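# Architecture and fold: a report
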Amino acid sequence: MGKTTIEQKKNIWYVENKIVYPEVINERELHAIERGVSENLLPIRIQHKKKAILLKSTISGLIPLKTYLSSIMTKKMFLGIVYHLVTIVKECEQNLMNTSNLMLNLDYIFIEPRTKRVTCLFWPIVNNQHPHYPSEFFKEMPFHVVFAQHENLDYIKVYIQYFKSGTPFSINRFEKMILELMGKTAENNKTVFSGPTNQAYQLNHGVKVEKSNEHHKDIAYNPLEMNRNHSVSGREVSVFCPKCGELLPKSSKFCSNCGLPLYMDDSTRQIPLIKEEKTELNRIQTENFSETTVLGETTEGTTVLGADMLEEPSFPYLIREKTGEKIHIDKPSFRIGKERQYCDYFIFDNSAISRSHADIITKNGRYFVMDHNSTNKTYVDGRVIPIHQEIEIFSGTKLKLANEEFTFYI
């Protein structure tokens with residue numbers, strides 16, 4: 001994200017963001033904002049100039065959250081604002097919008113003082129160079145607030161301890177903590193909050209966890225207090241995600257909540273992972289192309305290998321548009337191409353595909369695609385990507401390898 005500026009004229013705020021290379025507009029997210037998928041996202045418009053693309057928003061009748069927080073905050077006021085912001089983050093997730101594109105900055109979040117309604121700016125950008133992460137924003141928020149001294153401030157200690165405890169951030173778990181501090185419970189009692197010792201999870205899924213004898217009074221909950229004998233609906237569970245604390249079947253290779261690969265050595269395991277033998281792919285005798293055909297030339301293809309792939313909902317996946325096939329991304333670096341020996345998914349019925357065409361890469365719950373100098377290029381949402389560079393992708397991103405189209409989902 002390039003330089004973002006804000007200017008006030010009378011009671012109107014003018015915000016402008018200049019996008020910089022290699023950032024481009026995410027048309028899907030832009031259309032979502034235009035359709036009004038969330039009333040909590042401020043409307044934006046695009047202005048094209050000769051040497052720049054500008055994203056603009058005009059806000060009237062509201063004030064920046066930073067200004068509002070400069071007055072004395074009560075517990076009800078502070079937690080109400082935090083909860084509203086959590087709701088906005090979750091709305092973006094539910095609409096498959098990248099939450100790091102939310103302008104989580106107190107200068108650029110706006111509030112209506114009378115109704116306390118909070119609204120945010122969302123920049124629909126691919127390859128955001130200056131993302132805003134909810135975990136960092138919520139962690140720093142209390143330090144910009146003047147709290148009412150007449151109230152019991154133990155809730156602030158609990159809030160701060162959540163981030164100091166080393167618990168990996170989860171928006172669902174954070175929401176649960178805020179609700180508990182507000183003296184409320186989740187409206188939907190079927191909501192599953194990530195974290196193996198979470199009471200909502202235990203009650204709804206029958207998880208039996210032995211309580212630890214030691215609990216610090218300032219810690220809301222600790223997902224690292226684990227028992228090795230969990231059972232979920234009578235099924236043995238022996239793996240949990242070290243990043244977000246999600247309970248997982250022992251055969252999981254990826255965390256279904258945050259996407260973290262579950263390949264760890266003994267020093268980092270909380271509970272032993274059981275290695276599953278890889279399912280043998282269908283052995284189909286196919287012709288092994290030695291060269292890549294440039295698009296436009298007529299050639300005959302061969303059968304796609306890997307049709308017998310195991311369905312595991314814990315993996316991110318691709319949908320191959322031509323066949324409707326669901327391709328699970330079951331490795332941190334998942335290669336697609338037509339060279340059977342070196343690829344994880346083989347495309348032998350399309351000679352426009354290069355032997356090692358592209359990789360789907362998973363890093364800390366984020367996903368990227370990288371082109372391996374393919375003959376016919378790789379495209380993200382219709383735009384060709386540079387070779388040997390990791391380009392971030394999100395749930396719903398359209399990929400095209402040569403003329404072969406896929407949609408990526410988490």
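Refer to the preceding data block for the structure.
Attention here is on the structure that accompanies the text. (Residues numbered from 1 in each chain as written. Predicted model: local features only at pLDDT ≥ 70, side-chain atom pairs only at ≥ 80, totals over all residues. Heavy atoms only, no water.)

## Focus on the side chain of Ser38
On the secondary structure map, Ser38 appears in the loop between helix H1 (27-35) and strand E4 (45-48). Reaching out from Ser38, the side chain makes a polar contact with the side chain of Glu91 at a distance of 2.4 Å. (Helix = DSSP H or I, 4+ residues; strand = E, 2+ residues; numbered from the N terminus. Polar contact = N/O pair within 3.5 Å; in protein donor to acceptor, adjacent residues only side chain to side chain.)

## Regarding the sheet that holds strand E18 (residues 333-337)
Sheet architecture is open: five strands sit in the order E19-E18-E20-E21-E24, paired in mixed fashion. Of all the strands in the sheet, just strand E19 (345-346) and strand E24 (391-393) have a single pairing partner and so form its edges. Two elements, E18 and E19, share two bridges in a ladder whose sense is parallel. Note on E19: the bridge partner recorded for Ile336 is Tyr345. (Pairing = 2+ DSSP bridges.)

## Observations concerning the environment of Met77
Tracing the backbone through its elements, the reader meets Met77 in helix H3 (residues 75-94). In this structure Met77 comes out as partly exposed when scored by relative accessible area, which is 25%. For the pair Met77 and Phe147, spaced 70 residues apart in sequence, the C-alpha to C-alpha distance is 9.9 Å. Apart from the residues lying within four places of it in its own chain, the contact partners of Met77 are Tyr68 and Ile72. (Buried < 20%, exposed > 50% of the residue type's maximum accessible area, 1.4 Å probe, protein only. Contact = heavy atoms within 4.5 Å.)

## Topic: the packing of aromatic side chains
Counted according to the given criterion, the structure contains 18 aromatic pairs. Summarising the aromatic geometry, the rings of Phe147 and Tyr155 are spaced 6.3 Å apart at their centres and angled 85 degrees between planes, so their arrangement reads as edge-to-face. Sitting over the ring of Tyr14, Lys9 keeps its end group 5.8 Å from the ring centre. (Phe/Tyr/Trp six-rings, centres within 6.5 Å; stacked < 30°, edge-to-face > 60°. Lys NZ or Arg CZ within 6 Å of the ring centre and 35° of its normal.)

## Quick word on the pattern of salt bridges
One pass over the structure, following the stated rule, counts 12 salt bridges. The partner of Lys322 in a salt bridge is Glu404, with the nearest N and O atoms 3.4 Å apart. Taken together, the positions of Lys322 in the loop between strand E16 (317-320) and strand E17 (325-328) and Glu404 in strand E26 (residues 404-409) put the pair 82 residues apart, joining distant regions of the chain. When the shortest N-O distance is used, the salt bridge between Arg335 and Asp359 registers 2.8 Å. With a gap of 24 residues between them, Arg335 in strand E18 and Asp359 in strand E20 (residues 358-363) connect regions that are remote in the sequence. On the basis of relative accessible area, Arg335 is assigned to the partly exposed category, the value being 24%. (Salt bridge = Lys/Arg side-chain N within 4 Å of Asp/Glu carboxyl O.)

## A look at unusual backbone geometry
Here the bond from Tyr21 into Pro22 is cis, since omega is 5 degrees, no more than 30 degrees from zero. Considering the arrangement of structural elements, one finds Pro22 in the loop between strand E2 (12-19) and strand E3 (24-25). The backbone phi angle of Asn364 is positive, close to 50 degrees, even though this residue is not glycine. Within the secondary structure, Asn364 sits in the loop between E20 and strand E21 (366-371). Positioned with a positive phi, His388 is a non-glycine residue whose angle comes to about 55 degrees. The topology assignment puts His388 in the loop between strand E23 (383-384) and E24.

## Here's the deal with the environment of Leu153
With respect to the element layout, Leu153 can be found in the loop between strand E11 (146-147) and helix H5 (154-164). A relative accessible area of 27% places Leu153 in the partly exposed class. Non-local contacts of Leu153, meaning those with residues more than four positions away in its chain, are made with Phe147 and Ala148.

## Side note on the pairing of E4
Here E4 runs beside strand E5 (residues 53-60); their pairing, made up of four bridges, is antiparallel. Within E5, the residue paired with His48 across the bridge is Ile53. Linking E4 to E5, which pair antiparallel, is a turn of four residues.

## Details of the nonpolar core
Judged by nonpolar contacts, the single largest core of 57 residues is most densely connected at Phe78, Leu85 and Phe138. When residues of this core are assigned to their parent elements, the largest contribution, nine residues, is made by H3. With near-sequence residues (within four places) excluded, Phe138 lies in contact with Val82, Leu85, Val86, Val89, Tyr159, Phe163, Phe169, Ile171 and Phe174. Membership of the second largest hydrophobic core comes to 22 residues, among which are Ile329, Ile360, Val369 and Leu401. (Core = buried A, V, L, I, M, F, W, Y, C linked by side-chain atoms within 4.5 Å.)

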